[in-house]
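Observations on the model geometry
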Amino acid sequence: MKIQDSTYVFLIMVILLIISSCSQDQELIEELSNEASKIQEHYRPYVDRFIYEAVKRKVNVNDSRLYVITGFPRLDVCGFGYYNYLGNGSMRVEISPEPSCWANRNDLEREILMFHELGHAILDRQHKEGNFSISNPTSIMCSETCNGFFNLYNKFTPKVRDYYIDELFDPLKDSPSWVTKTESTIVIEDKINDQSDNWKFFSSFDSSGIFTSDRLDTIGSDNFALSITSTNPSADNTFSFWRRTIENPQYPIGSGLKLSIDITTENLAGNGVSIAMRTDSKDNEELMISSFQTTQGRTTLNGNLENKTVSVNIGYFPEKVENIHIFLLMLNKTEGKAYFDNIKLELLE
Ligand SMILES: [Zn+2]
């Protein structure tokens, strides 16, 4: 995914919420062909790559009765994989024609989706849920509950890719070493008590001035905090956020990062607030998103909260990181006020 403009945060959030999954759902699908095997041309490289990875791991796979085709659009899923389609003995993968499922995905995102579906269709694997303690899913065969499915690995996390593909072909594979973190060091602690310009406020699609912000708001008598107020709960595409950027961070590849923030809300109605953390890595002079974690879709933060500590983890610090961004967001369709305080970033090794 390339970084293009200031709307990227919203787009990313939307895209990351479109999670792939599949089930043995047979109602809407009709048999399209009587051929023994049919793999549409643009899917072929990913099927070949799956077979290459299998052979590399000394696993025999047989694709002689495999169909890989574009299926029908579905609201909530990007693909289906069947080991024994309609009981006729054919293996079948159907990929949704939605652009967010294939056309707008980069090479490794397509690989993640296709390998997952081929895991069902060729290996007869079922969904496997669960996360490691640092929050990464335990398997590429995770489903709807999966934390950032298309984000499981990328070109800046090759060892993470190795693990997920090993586990795909060997479900009994041991946990990778990078999920075990035993030491924690606080690398940034920000109580928002000074006038530094570390924090910048942005609001998107907000021509009518729905959001206001305060860099040194107060909670209680003298405790400063960042705040955002929203006055229009019906605004759909509009959101705003505080952002802090840490440039050129020198953390070890494979280490973990934990971001914790205290949130206070006053009569906050609607979608509420969220926090997120992202790394950007540089490849051929181009900045690309190399990790992204958010509370959105996992934890609803609204109502009247009092110094509720909220956190997100990046389990594997990617290669070639140029920037870490911390986002404190007021989401769309929200009314009320939120305060963000005591921002803490811990390095986990
Ligand atoms: Zn699935």
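The structure contained in this document is the topic of the report that follows.

What counts, and where the lines are drawn
The numbers attached to residues start from 1 for each chain and follow its sequence in the written order. Confidence filtering applies because this is a predicted model: local features only for residues at pLDDT of at least 70, side-chain atom pairs given and counted only at 80 or more, and all residues used for totals across whole chains, interfaces and linings. Each helix corresponds to a stretch of at least 4 residues labelled H or I by DSSP, and each strand to a stretch of at least 2 residues labelled E; elements are numbered beginning at the N terminus. Our contact criterion uses C-beta atoms placed from the backbone: two residues qualify when those atoms are within 7 Å. Buried, partly exposed and exposed are defined by the number of other C-beta atoms within 10 Å of a residue's own C-beta, namely 20 or more, between the two limits, and 12 or fewer respectively, with C-beta atoms placed from the backbone. Two strands pair if DSSP finds at least two bridges between them. Nonpolar cores are identified as sets of buried Ala, Val, Leu, Ile, Met, Phe, Trp, Tyr and Cys residues joined via C-beta atoms within 7 Å. Residue ranges for the domains originate in an automatic or database domain assignment. Interaxial angle, 0 to 180 degrees, is taken between N-to-C directions of lines fitted to C-alpha atoms, where a helix line uses only the stretch in contact. Working rule for handedness: look at the near helix, and if it is turned counterclockwise from the far one by less than a right angle, call the crossing left-handed; if clockwise, right-handed. Polar here means any residue outside two lists: the nonpolar Ala, Val, Leu, Ile, Met, Phe, Trp, Tyr, Cys and Pro, and the charged Asp, Glu, Lys and Arg; Gly therefore counts as polar. Every helix has an expected span of 1.5 Å times one less than the residues it contains.

1. As for the overall build of the chain
- Secondary structure assignment for the chain yields four helices and 15 strands.
- Sequence separation of 24 or more characterises 76% of the internal contacts of the chain that already satisfy a separation of 6 or more.

2. Here we look at the environment of Arg125
- Relative to the assigned elements, Arg125 resides in the loop between α3 (107–121) and α4 (158–169).
- Given 19 C-beta atoms within a 10 Å radius, Arg125 is considered partly exposed.
- For the pair Arg125 and Tyr83, spaced 42 residues apart in sequence, the C-alpha to C-alpha distance is 8.6 Å.
- Every residue in contact with Arg125, bar those within four places of it in the chain, is listed here: Gly119, His120 and Met141.

3. Notes on unusual backbone geometry
- A positive phi angle, close to 50 degrees, is found at Asn307, a residue other than glycine.
- Note on Asn307: 14 C-beta atoms within 10 Å, which makes it partly exposed.
- In the Ramachandran plot, Lys333 falls in the positive-phi region, its phi being about 50 degrees despite a non-glycine side chain.
- Among the structural elements, Lys333 can be located in the loop between β14 (321–330) and β15 (334–348).

4. Description of the pairing of β15
- Summarising the sheet, strand β5 (residues 184–190) and β15 pair through six bridges and their orientation is antiparallel. Across the sheet, Ile186 pairs through a bridge with Glu346, a residue of β15.
- Direction of pairing for strand β8 (residues 223–230) relative to β15: antiparallel, over a ladder of five bridges. In the strand pairing of β15, Ser227 is matched with Tyr339.
- Sheet topology note: the strand β10 (residues 256–283)/β15 ladder contains twelve bridges and is antiparallel.

5. Here we look at the nonpolar core
- Grouped together as the largest cluster of nonpolar side chains are 76 residues, with contacts concentrated most on Leu328, Leu329, Met330 and Phe340.
- In terms of residues, this core owes the most to one element, β10, which gives nine residues.
- Here this core gathers at least three residues from each of two domains, domain 1 (8–25 + 35–179) and domain 2 (184–348).
- Residues in contact with Leu328, not counting those within four places in the same chain, are Leu226, Phe241, Trp242, Ile261, Ile275 and Phe340.

6. Here's the deal with the sheet that holds strand β1 (residues 38–39)
- As summarised here, the arrangement of the four strands in space is β1-β2-β4-β3, forming an open sheet in which the pairing is mixed. Edge positions in the open sheet fall to β1 and β3 (79–85), since each of these has one partner strand only.
- As defined by bridge partners, β1 adjoins strand β2 (residues 66–70) across two bridges and the pair is classed as parallel. Residue pairing for β2: Lys38 is matched across the bridge by Tyr67.
- Across the sheet, α3 touches β2, β3 and β4 (90–95), and the angle it forms with β3 is around 20 degrees.

7. Brief notes about the packing of helix α2 (residues 44–56) against α3
- Relative to each other, α2 and α3 sit at 65 degrees, their axes nearing to 10 Å. Between α2 and α3 the crossing geometry is right-handed. Side by side, α2 and α3 meet where Tyr46, Val47, Arg49 and Phe50 of the first sit next to Arg110, Glu111, Met114, Phe115 and Leu118 of the second.
- For the contact of α2 with α3, a count of residues per class yields six nonpolar, no polar and three charged.

8. What about the environment of Leu152?
- Structurally, the position occupied by Leu152 is in the loop between α3 and α4.
- Once residues within four sequence positions are removed from consideration, Leu152 is found in contact with Ile112, Pro137, Ile140 and Tyr164.

9. Things to note about α3
- Its 15 residues give α3 an end-to-end C-alpha distance of 21 Å, which sits within 8% of 21 Å, the value for a rise of 1.5 Å per residue.
- For α3, the buried fraction is high: 13 of the 15 residues fall into the buried class.

10. A short note on α2
- Spanning 13 residues, α2 covers 18 Å between terminal C-alpha atoms, matching the ideal 18 Å at 1.5 Å per step.
- Contacts made by the buried residues of α2 are with β1, β2 and α3.
- Looking one or two residues beyond α2, the residue adopting positive phi is Lys58, at roughly 60 degrees.

11. Re the environment of Phe224
- Here Phe224 shows up in strand β8.
- For Phe224, a count of 18 C-beta atoms within 10 Å corresponds to the partly exposed category.

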